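So the chains spell out like this:
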Amino acid sequence: MSTYHPTLSDANMEGLYPTNETVRLVAHGTVTKGHVYVIDTSIVDATTGLLDTTKAMATADAKVGIHVVAMEDIASGAAGEFLLRSKTDVYQNAASAAGAYLAPINAQSYIDDTIGTGFKVVGINHVLVGGSAALSPCTFNGVEGFGHDS
């Protein structure tokens, strides 16, 4: 008896991934493509009334906040594109397994599967990340996340 294994195209998988949403934000410092940052909720644009600036990850940001992935290298003080949610390459620490849930790490610009109590899960890894930190494909949702470790 054979088992049927469907081959799904990208079009078939469309509903599985969050909609690709990006925003233009001002970089708090020099940012690197694929690295994870947080939107600074203490800075509001005086003209638009919107949050418009990133900040480096702090310890408390592993549990709360709006996390974003830099979609390009951006100079300090310049505006650039950041991903809120979708499938993308994200800088991950070493040795994250395929299918692993990923969270921001205290005061680091990457995510990995070392998840502490109350950490916000923002990614699902797609492939095995080997012995060193690297950009790796994952499903990312920095707004709502995928839950948290309790």
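A. Expanded view of the overall build of the protein. When helices and strands are counted, the protein shows zero helices and nine strands. Counting from the amino terminus, the protein carries its helices and strands in the arrangement β-β-β-β-β-β-β-β-β. Among the 150 residues that make up the protein, the fraction classed as buried is 37%. Long-range contacts, defined as pairs at least 24 residues apart, comprise 62% of the intrachain contacts of the protein with a sequence gap of at least 6. For the protein, the accessible area works out to roughly 8,000 Å², and carbon and sulfur atoms hold 53% of it.

B. Geometry of the side chain of Thr88. Here Thr88 lies in strand 5 (residues 79-92). Among residues more than four places away in sequence, those in contact with Thr88 are Met71, Leu83, Ser136, Pro137, Cys138 and Phe140.

C. Expanded view of the pattern of salt bridges. Across all of its chains, the model carries three salt bridges by this definition. With a shortest N-O distance of 2.4 Å, Arg85 and Glu21 are connected by a salt bridge. A residue pair is termed long-range when its members are at least 10 positions apart, and Arg85 in strand 5 and Glu21 in strand 1 (residues 21-26) qualify at 64 residues. Under the relative-accessibility criterion, Arg85 is labelled buried at 11%. With a relative accessible area of 30%, Glu21 lands in the partly exposed category. Of the charged contacts in the structure, one is a salt bridge between Glu144 and Arg85, with a shortest N-O distance of 2.8 Å. Separated by 59 residues along the polypeptide, Glu144 in the segment after strand 9 (134-141) and Arg85 in strand 5 bring together distant segments of the chain.

D. Local environment of the environment of Leu102. For Leu102, the location among the structural elements is in strand 6 (residues 101-104). Each C-alpha atom of the pair Leu102 and Phe146 lies 9.3 Å from the other, and the pair is 44 residues apart in sequence.

E. Spatial organisation of the pairing of strand 2 (residues 36-39). Of the pairings in the sheet, the one linking strand 2 to strand 4 (residues 67-70) comprises three bridges and is antiparallel in character. Counted as the bridge partner of Val36 is Val69 from strand 4.

F. Highlighting unusual backbone geometry. Residues other than glycine seldom take positive phi values, yet Ser86 does so here, at roughly 155°. By the secondary structure assignment, Ser86 is in strand 5.

G. Examining the pairing of strand 9 more closely. As paired elements, strand 5 and strand 9 share eight bridges and run antiparallel to each other. Counted as the bridge partner of Arg85 is Asn141 from strand 9. Of the pairings in the sheet, the one linking strand 8 (residues 123-125) to strand 9 comprises three bridges and is antiparallel in character. If you follow Ile124 over to strand 9, its bridge partner there is Thr139.

H. Highlighting the nonpolar core. Listed in full, the eleven residues of the largest apolar core are Val36, Val38, Met57, Val69, Leu83, Val90, Leu102, Ile111, Val122, Cys138 and Phe140. At the level of secondary structure, the elements contributing two or more residues to this core comprise strand 2, strand 5 and strand 9. The next biggest cluster of nonpolar side chains, apart from the first, holds ten residues, and it includes Ala27, Ile39, Ile74 and Leu84.

Conventions adopted
Per chain, the residues get numbers from 1 upward, laid out in the order the sequence is written. Local features in this predicted model are restricted to residues whose pLDDT is 70 or higher, and side-chain atom pairs enter the listing and the counts only when it is 80 or higher, whereas totals over whole chains, interfaces and linings include all residues. Side-chain measures here rest on the full set of heavy atoms in the structure, leaving out hydrogens and waters. Here a helix means four or more residues in a row that DSSP labels H or I, a strand means two or more in a row labelled E, and each is numbered from the N terminus. Whether a residue is buried, partly exposed or exposed follows from its accessible area with a 1.4 Å probe, protein chains only, as a fraction of its type maximum: under 20%, in between, or over 50%, in that order. Pairs of residues are marked as contacts when any of their non-hydrogen atoms sit within 4.5 Å. Shrake-Rupley sampling with a 1.4 Å probe provides the accessible areas, and residues are treated as covered by the protein chains on show and by no other component. Note on definitions: salt bridges are taken to be side-chain nitrogens of Lys or Arg within 4 Å of carboxyl oxygens of Asp or Glu. The pairing criterion is simple: DSSP has to find at least two bridges between the two strands. Working definition of a nonpolar core: buried Ala, Val, Leu, Ile, Met, Phe, Trp, Tyr and Cys residues. They are joined through side-chain atoms within 4.5 Å.

Read these as layout, nothing more, since geometry by itself doesn't imply function.
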